[in-house]
Amino acid sequence: MAKKIAIVIPVYREAKSLQSLYQRLELVTSRFTKYSWEYIFINDGSPDNSYEVLVALAVKDPKIKVLDLSRNFGKEIALTAGVHEATSCDAVICIDADLQHPPELIPRLVYAWEEGAEVVVTVRTSTDREPLLRRWGSSIFYWLINKVSSFEMIPKATDFRLYDQKVVLAFERATERERLFRGIMDWMGFRRVMLEFKADAREHGEAGYSYVKLWSLAINSITSFSLWPLRLTGYLGVLITSGSGLLLLWMVGNNLLTSKTLYTPLAIVVVVNTFLIGIVLMAVGLVALYIGTIHTEVINRPLYLIREKINFESL
Ligand code: UDP
Ligand code: MG
């Protein structure tokens, strides 16, 4: 039997791109007849008519499977839902629906997989079109997460990747709710190969990730992959306590050595208090972040809910 490769595509407000994405995918996969292909589209609660467009495509082409989530859960969870449906395939390729990931690169991903790679990661070489703030934000994020976590996350790496079935099965065991899809994948390890590509500009619509969403994604990734911020509070506490201790000694010492009172007791108390209040507030803020994560993990809600499944064989 031919090996199966699934292409997993999260869709949110992409009605305009879907047709041309489908055609470009067809051009690529029709040349790879030795594999049997399936396209798993996840409609992530799009407010536009993406779902209708997908259904129309699925009616004509049984290769197309459509997973309709009950509301917008965000790209990370949409990808997760798609990959969970693809566990019977020998490889899974994740690709964005907005045509920023050229489907024409798929053969190179497949070749790398045939040569033994278990994860093929694509890396963007051009981000000229991205706003400066976003580029800076992303470099700071990667610098930080690679400093604080015990595994390597590749900067500029995209979600456009191929995963071997082994990786997809392992991924099923990741149960955290606050998730950065590629963060979990990077954490898992496996044999990785990197491929560079030039990102195209978005053809239709606008990017669904606002700065606010990106910020919370970054914070979630850091708190779910590392305890370093919590430790940092400890270090900061030590630093501030010793610093203010020395300052205090200096002030008290000066007062004792000179006949005049240089620093009033009130000044000394104010210095001490300001530092202590700072420490306490920061500690509380950080602990709150972790408690937030624990909270969402403990609730143990289902990660997503599916409204409809089209073209999936029913068991
Ligand atoms: N997406 C999604 N749910 C969302 C936002 C985006 O499924 O809530 C999909 C979107 O349709 C696209 C991919 O995720 O296929 C990447 O989205 P976008 O282009 O907005 O992000 P960026 O390119 O900035 O990473
Ligand atoms: Mg995009």
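Because the structure is predicted, anything quoted here is derived from the model rather than measured. (Residues numbered from 1 in each chain as written. Chains lettered and ligands numbered in written order. Predicted model: local features only at pLDDT ≥ 70, side-chain atom pairs only at ≥ 80, totals over all residues. Heavy atoms only, no water.)

In terms of regular secondary structure, the protein chain is built from 10 helices and eight strands. Relative to the globule expectation of 20 Å for 315 residues, the C-alpha radius of gyration of the protein chain, 25 Å, shows a markedly less compact shape. Taken along the three principal axes of its C-alpha coordinates, the protein chain extends 95 × 40 × 35 Å. Looking at the protein chain residue by residue over its 315 residues, the buried ones come to 45%. Long-range pairs, those at least 24 residues apart, make up 82% of the contacts in the protein chain with a sequence separation of at least 6. As displayed, the protein chain offers around 16,800 Å² of accessible surface, 62% of which is attributable to carbon and sulfur atoms. One way to put it: in the protein chain the 35 positive side-chain charges average out to a point 5 Å from where the 33 negative ones average out. (Helix = DSSP H or I, 4+ residues; strand = E, 2+ residues; numbered from the N terminus. Rg over C-alpha atoms; globule rule 2.2 N^0.38 Å. Buried < 20%, exposed > 50% of the residue type's maximum accessible area, 1.4 Å probe, protein only. Contact = heavy atoms within 4.5 Å. Areas by Shrake-Rupley, 256 points an atom, 1.4 Å probe, with all protein chains shown as cover. Lys, Arg positive; Asp, Glu negative; His and termini not counted. Charge placed at Lys NZ, Arg CZ, Asp CG, Glu CD.)

With respect to the element layout, N254 can be found in helix α9 (residues 228–257). Judged by its relative accessible area of 16%, N254 falls in the buried class. Residues within four places of N254 in sequence aside, it is in contact with L262 and Y263.

Moving on, we come to the confidence of the model for the protein chain. With 91% of its residues at a pLDDT of 70 or more, the protein chain has an overall mean of 83. Per-residue pLDDT, averaged within each element of the protein chain, yields its smallest value for helix α10 (residues 265–299) (76) and its largest for strand β4 (residues 91–94) (95). (pLDDT = per-residue confidence, 0-100.)

With respect to the helices and strands, the residue R161 is situated in strand β6 (residues 157–164). The class for R161 is buried, based on a relative accessible area of 1%. At 3.1 Å, the side chain of R161 forms a polar contact with the side chain of D186. For R161, the contacting residues outside a window of four places in its chain are V92, I93, C94, L109, V120, V121, T122, R182, M185 and D186. (Polar contact = N/O pair within 3.5 Å; in protein donor to acceptor, adjacent residues only side chain to side chain.)

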